[in-house]
Amino acid sequence: MESSLNAVRRAHDLEDARDEVADLLVIGLGATGAGVALDAAARGLSVVAVDAHDLAFGTSRWSSKLIHGGLRYLATGRIGLARESAAERDLLLRHIAPHLVKAQPFLMPLTPAVSAATARKLMTGYRLGDLLRAAAGTPKKLVPGPSRLGAGAALDLVPALAADGLRGALRSYDGRVVDDARLVVALARTAAGHGARVLTRCRALGLAGDGAEVRDELSGETFTIKARVVVNATGVWAGELAPEIALRPSRGTHLVLREDTLGPLKAGLHVPIPGETSRFLLVLPQSDGHVLVGLTDEPVEGPVPDVADVPESDVASLLGTLNSVLATHVTREQVAGAYAGLRPLIDAGTGRTADLSRRHAVLKGKDGVITVVGGKLTTYRRMAEDAVDAACPQARRSTTARLPLVGATPRGVRAPWRLVERYGSEAEDITALIETNRALGAKVIPGGATTWAELVWAVRHEGALDEHDLLDRRTRIGLIPEDRLSALKVARHVLSLET
Ligand SMILES: Cc1cc2nc3c(=O)[nH]c(=O)nc-3n(C[C@H](O)[C@H](O)[C@H](O)COP(=O)(O)OP(=O)(O)OC[C@H]3O[C@@H](n4cnc5c(N)ncnc54)[C@H](O)[C@@H]3O)c2cc1C
């Protein structure tokens, strides 16, 4: 398969990348860098893309997994950004990744803390969000409009809500990606399918206008990769390679709850945060049964860590807001996992990080290196297009708006729904693995949904090189430390069989 990534392809591509001069070298394989690799490769450019760790190692795997329709930007009057977000959501839902991106219903519970005037204001906002949907051309059947529900209907959808004083709820819809890390894997593989050399475990040590000094983190060897232009897409780490870039990282924490903690959830929740006017706590049911609860927005000082720690104060503040709308409080002991991501916000000099611009920037350094930073997961494609336009003004126009990612034609696929959501049309290949070897149908952890076959697939086709790639990015078993521990043995066993 041309889009397959694995250790053998990595070795070949690494060798070739050292001998050639690529049209474009992109550093960083989060959503932005993988998007740049795809945009450039699909324009017919020769591309090398490197990441110090793995696909989706950085912020891209720590998101809320929302594909925003732009409503949040309207609240602050950023109409251009709102329209851009709605347009990108439409492309993802309808053309680029219909298997990975779906509509998600949310309830805003009308508790005594939400006045009638506030409820009216919120409903007006949701209606404006619906206008953005219509302007982007997204059919209502894909993303339904908002509605007001009575208390009974709200409790039917989310029985965990406190019924006392509940006047009902406002229901709205937004986009959601099944797994942010899988979106990045699909982008990288689609780029590879267009000829990009996708190299994980290759750290850029220094950039120049015509290439980068790179260290193979597996062999320790250092060498130069030459390119006509270099794009720095290292997110929150961008300033380490381009010192003129000033970022103010902001920590966003999510809690991970097991399926039974809140009981059945047929919708997510928007919960007002006390003292804030346009920020809400999000309760995000995931298709694997976990529920994410997020998110904080706290400035972080000092060197940027590989993986951010979650302070207890974040856990306490998220639990406090969550419990304000629940019949039975969630305790600290019921929090099965927690993770934090760092937003790569561009330093505007003053103000709180929550107020800093979420728009992306494409900046050209004195050495000619292009840095693309800021923005959102939702707008990765637009960021990538802008970066390649700036890096290669002579190249032909971007084609990614209508370019389906690997697996994006799932119609008629005969496989369990859970696999179709994650693998699209390739779900049939996973079931075929199980049909030829029944042992691969076994679950990686007791009571879990992930099969051995998915780990085998990840090694053979998705570039997973070790157990961390398997458990933390190709699957998300690692989100709950207890589950991660019980899956380690199987992950290591699969790797020993496959490598
Ligand atoms: C908590 C949180 C929630 C969010 N939720 C949403 C959401 O719901 N919807 C949405 O649209 N957006 C969301 N965002 C924003 C979105 O996640 C980010 O804007 C986006 O993922 C950034 O992607 P990126 O590719 O630019 O950076 P990253 O994903 O961080 O990728 C950078 C990559 O560069 C690599 N790298 C770093 N240094 C080097 C080097 N020297 N050499 C080689 N590689 C290197 C890293 O390993 C990493 O893989 C959220 C952000 C946070 C923090």
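> Describe the nonpolar core, with residues and values.
Soluble globular proteins: nonpolar side chains tend toward being buried together. One finds Leu24, Val36, Leu183 and Val231 to be the most contacted residues of the largest nonpolar core, which totals 54 residues. Contributing elements (two or more residues each) for this core: strand E1 (21-27), helix H2 (31-42), strand E2 (47-50), helix H4 (79-96), helix H7 (180-193), strand E10 (222-232), strand E18 (370-374) and helix H11 (380-391). If you look at the next biggest cluster of nonpolar residues, it comprises 29 residues, including Leu157, Leu269, Leu281 and Val283.

> So what's going on with the site of the ligand? Which residues, and what values?
Taken together, 37 residues are adjacent to the ligand, and Thr32, Asp51, Ser60, Leu66 and Thr378 come closest. Take His68: an N or O atom from its side chain is 3.2 Å from a nitrogen atom of the ligand. Measuring from an oxygen atom of the ligand, one finds a backbone N or O atom of Leu377 at 3.1 Å. Considered on its own, the ligand offers 1000 Å² of accessible surface; in the complex 98% of this is hidden by protein. Among the secondary structure elements, those contributing two or more residues to the shell around the ligand are H2, strand E8 (202-208), strand E11 (250-257) and strand E16 (335-343).

> Explain the domain arrangement of the protein residue by residue, including any values.
Each assigned domain of the protein is listed here: domain 1 (7-60 + 181-246 + 355-402), domain 2 (103-176 + 250-343) and domain 3 (417-498). Placing the centre of domain 1 and that of domain 3 at their C-alpha centroids yields a distance of 27 Å. Counting from both sides, the interface comprises 13 residues of domain 1 and, opposite them, 13 residues of domain 3. Roughly 1100 Å² is buried in total at the junction of domain 1 and domain 3, and carbon and sulfur atoms are behind 43% of that figure. Our count for the contact surface shared by domain 1 and domain 3 stands at 6 salt bridges. For the salt bridge of Arg201 with Asp466, the shortest nitrogen-to-oxygen distance reads 2.9 Å. At the junction of domain 1 and domain 3, the tally comes to 9 residue pairs in polar contact (both at pLDDT 80 or more). Residue assignment for the side of domain 1 that touches domain 3 shows that the elements contributing at least two residues are helix H1 (7-19) and H7. Considering each element in turn, the side of domain 1 that touches domain 3 owes the most residues, 4 residues, to H7. For the side of domain 1 that touches domain 3, the class distribution of residues is 7 nonpolar, 1 polar and 5 charged.

Scoring rules and cut-offs
Residues numbered from 1 in each chain as written. Predicted model: local features only at pLDDT ≥ 70, side-chain atom pairs only at ≥ 80, totals over all residues. Heavy atoms only, no water. Core = buried A, V, L, I, M, F, W, Y, C linked by side-chain atoms within 4.5 Å. Buried < 20%, exposed > 50% of the residue type's maximum accessible area, 1.4 Å probe, protein only. Helix = DSSP H or I, 4+ residues; strand = E, 2+ residues; numbered from the N terminus. Near = heavy atom within 4 Å. Polar contact = N/O pair within 3.5 Å; in protein donor to acceptor, adjacent residues only side chain to side chain. Areas by Shrake-Rupley, 256 points an atom, 1.4 Å probe, with all protein chains shown as cover. Domains from an automatic or database assignment. Contact = heavy atoms within 4.5 Å. Buried area = accessible area lost by both parts, 1.4 Å probe. Salt bridge = Lys/Arg side-chain N within 4 Å of Asp/Glu carboxyl O. Nonpolar A, V, L, I, M, F, W, Y, C, P; charged D, E, K, R; others polar.

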